[in-house]
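Next come the chains, spelled out residue by residue.
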Amino acid sequence: MTIAELIIESAKKALNLQREEGSMPQGHNGPYNDKETPVRNTSHWLITFAKAYELTNDRIFIDAVQKAAHYLISEKARPFRYSFFHRTDSQIDSCNGLIGQAWTIEALATASNILNDSIYSNLGETVFFQHNFNNDYGLWNRLEIDGKIKSIDPTFNHQLWFAACAAQLNGSRKKERDSIIKKFILNLPENLSIIEDGLIFHPLKKNKKIKDIYDKKPIKNRIRNNISKIIQSIKNIGNNPIELKNIAERKMISKSMGYHHFNMYAFALLKDKYPQNNYWENIEFVSTTKYLMRDDYKNELENNSFGFPYNPPGFEIPYALEVFSKLKREELLKISSYWINKQMSKCYNPQTKMMDRNTSDIFTHSARLYELTRNENLGLQISINREI
């Protein structure tokens, strides 16, 4: 089976899951267990349906795109005409920070292109400009679904993906949008921490200019809950604050590894739109691509809960290497084949034709097949050897 055949096969199976209103089954944000609305997974599947249509010219797929797009611009998905409604019971927000908005803007950009209808891209652009951009910091505030401007999103990948997905839009305010996104890129040295010879650190860099970056009450609750989980999961730790800090740092580094390829995929989306930007030649940034090919990184991902079961390295690493590495074609294909086959052997189920194995969130993980649609080697053969 080739990558193209996999996309078509999974898209056909997913048609049976699409509701009349156009939405797809919701998940719970993987290991975070946030109760989500259907907006995220509908956004992801729209992109897969669009690629299946490009590969087959079969009307059933373009009809699915149309239905999904109609749902995403509906009142259910955007009830107050501000940000998209992504999660239902979070103490933090209902928009899922910037990342939820990024995923839906990404889908609207695809819908606009495949359906040749500017309504979708224009809406994505509207939501983008509703988000406050801090020129001094080069960062965006979160926008709640009711229009409340919340704090700057403190997670780096959220900021990055918001920029990368907005860059895909083809709305009427492209020049103004590009200017803002380029300001974000210009400020990356101030906001992005690169550690351990190329690893992108999960939180934003601590920046003295940014004050009160968190909403106090929700974040205090999260810190309290996280510390409680750490204490419960490690025996005989006592109340040593230094040891607690060391454990928290190790956990954050592990989490950063599980998100490194997710970040690099978004960076690849940005470079595709701004290929001449000087930042791509930054020595520190170049190390992030090299990190994708390190053996210790590969070994860490074997049992990282944010890796294969959630952020699929098998889909994200090949695309990032296509865009950033200077590998020869034969070597790139070899590495890509390894990662894609590894992802499939761990998670793909030939019976259901979904990515529903070895994951805590079968609907979200299956929807993330969409990330494979940008692979330029769609004829690459996949050998599914099931791994337990």
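Residues numbered from 1 in each chain as written. Predicted model: local features only at pLDDT ≥ 70, side-chain atom pairs only at ≥ 80, totals over all residues. Heavy atoms only, no water.

Overview of the overall build of the chain
Along the chain, the regular secondary structure elements total 15 helices and five strands. Residues counted as buried form 57% of the 388 residues belonging to the chain. Of the contacts formed within the chain by residues at least 6 apart in sequence, a portion of 73% connects residues at least 24 apart. Put simply, the chain shows about 17400 Å² of open surface, and 49% of that area lies on carbon and sulfur atoms. (Helix = DSSP H or I, 4+ residues; strand = E, 2+ residues; numbered from the N terminus. Buried < 20%, exposed > 50% of the residue type's maximum accessible area, 1.4 Å probe, protein only. Contact = heavy atoms within 4.5 Å. Areas by Shrake-Rupley, 256 points an atom, 1.4 Å probe, with all protein chains shown as cover.)

Considerations on the environment of isoleucine 335
Structurally, isoleucine 335 is set in helix α14 (residues 329-347). On the basis of relative accessible area, isoleucine 335 is assigned to the buried category, the value being 18%. Apart from the residues within four sequence positions on either side, isoleucine 335 is in contact with Met293, Leu321 and Leu327.

What about the pattern of salt bridges?
In this structure the tally under the stated criterion is 18 salt bridges. In this structure, aspartate 34 engages arginine 87 in a salt bridge whose closest nitrogen and oxygen atoms are separated by 2.9 Å. With a gap of 53 residues between them, aspartate 34 in the loop between α1 (3-15) and α2 (39-56) and arginine 87 in the loop between α3 (59-72) and α4 (97-115) connect regions that are remote in the sequence. As far as the burial class goes, aspartate 34 and arginine 87 line up, both buried. In this structure, the salt-bridge partner of arginine 177 is glutamate 125, at a minimum N-O distance of 2.8 Å. With a gap of 52 residues between them, arginine 177 in helix α7 (residues 174-186) and glutamate 125 in helix α5 (residues 118-130) connect regions that are remote in the sequence. Accessibility assignment for this pair places arginine 177 and glutamate 125 in one class, buried. Overlapping salt bridges bring together Asp34, Arg87, Asp93 and Arg142 as one network. (Salt bridge = Lys/Arg side-chain N within 4 Å of Asp/Glu carboxyl O.)

Description of α4
Between the first and last C-alpha of α4 there are 28 Å, a value that for 19 residues agrees with the 27 Å anticipated at 1.5 Å per step. Of all 19 residues in α4, 17 are buried, a share of seventy percent or more. Downstream of α4 by one or two residues, asparagine 116 has phi in the positive range, about 55°. (Expected span 1.5 Å × (residues − 1).)

Some points on the nonpolar core
Within the largest apolar cluster, 64 residues are counted, with the highest numbers of intra-cluster contacts made by Trp161, Phe184, Phe267 and Leu270. Ignoring anything within four residues of it in the chain, the contact list for phenylalanine 267 reads Phe156, Leu160, Leu188, Leu192, Ile200, Tyr279, Trp280, Phe285 and Phe324. (Core = buried A, V, L, I, M, F, W, Y, C linked by side-chain atoms within 4.5 Å.)

As for the layout of surface pockets
Estimates place the volume of the second largest pocket at around 400 Å³. Lining the second largest pocket are 17 residues, and of these Ile47, Thr110, Asn113, Gln168 and Arg374 lie nearest its centre. Of the residues forming the lining of the second largest pocket, the biggest block, five residues, is contributed by α4. Grouping the constituent residues of the lining of the second largest pocket by class yields seven nonpolar, four polar and six charged. (1 Å grid on protein atoms, 1.4 Å probe; cavity = no way out; pocket = protein on both sides within 12 Å on 5 of 7 lines; lining within 4 Å. Points joined across faces, edges and corners; volume = space filled by probe spheres on them. Nonpolar A, V, L, I, M, F, W, Y, C, P; charged D, E, K, R; others polar.)

Points about the sheet that holds strand β1 (residues 133-134)
Read from one edge to the other, the open sheet built from three strands follows the order β1-β2-β3, with strand pairing classed as antiparallel. A strand with exactly one partner marks an edge of an open sheet, and here the two such strands are β1 and β3 (149-152). Two strands pair when backbone bridges link them, and strand β2 (residues 139-143) and β3 are joined in this way by two bridges, in the antiparallel orientation. Bridge pairing in β3 places asparagine 141 opposite isoleucine 152. (Pairing = 2+ DSSP bridges.)

Digging into unusual backbone geometry
The phi angle at asparagine 57 is positive, at roughly 60°, despite the residue not being glycine. By the secondary structure assignment, asparagine 57 is in the loop between α2 and α3. For asparagine 57, a relative accessible area of 55% puts it in the exposed group. Here the phi dihedral of asparagine 358 falls at roughly 55°; this positive angle occurs in a residue that is not glycine. Note that asparagine 358 resides in the loop between α14 and α15 (362-367).

Purely geometric stuff here, so don't read any function into it on its own.
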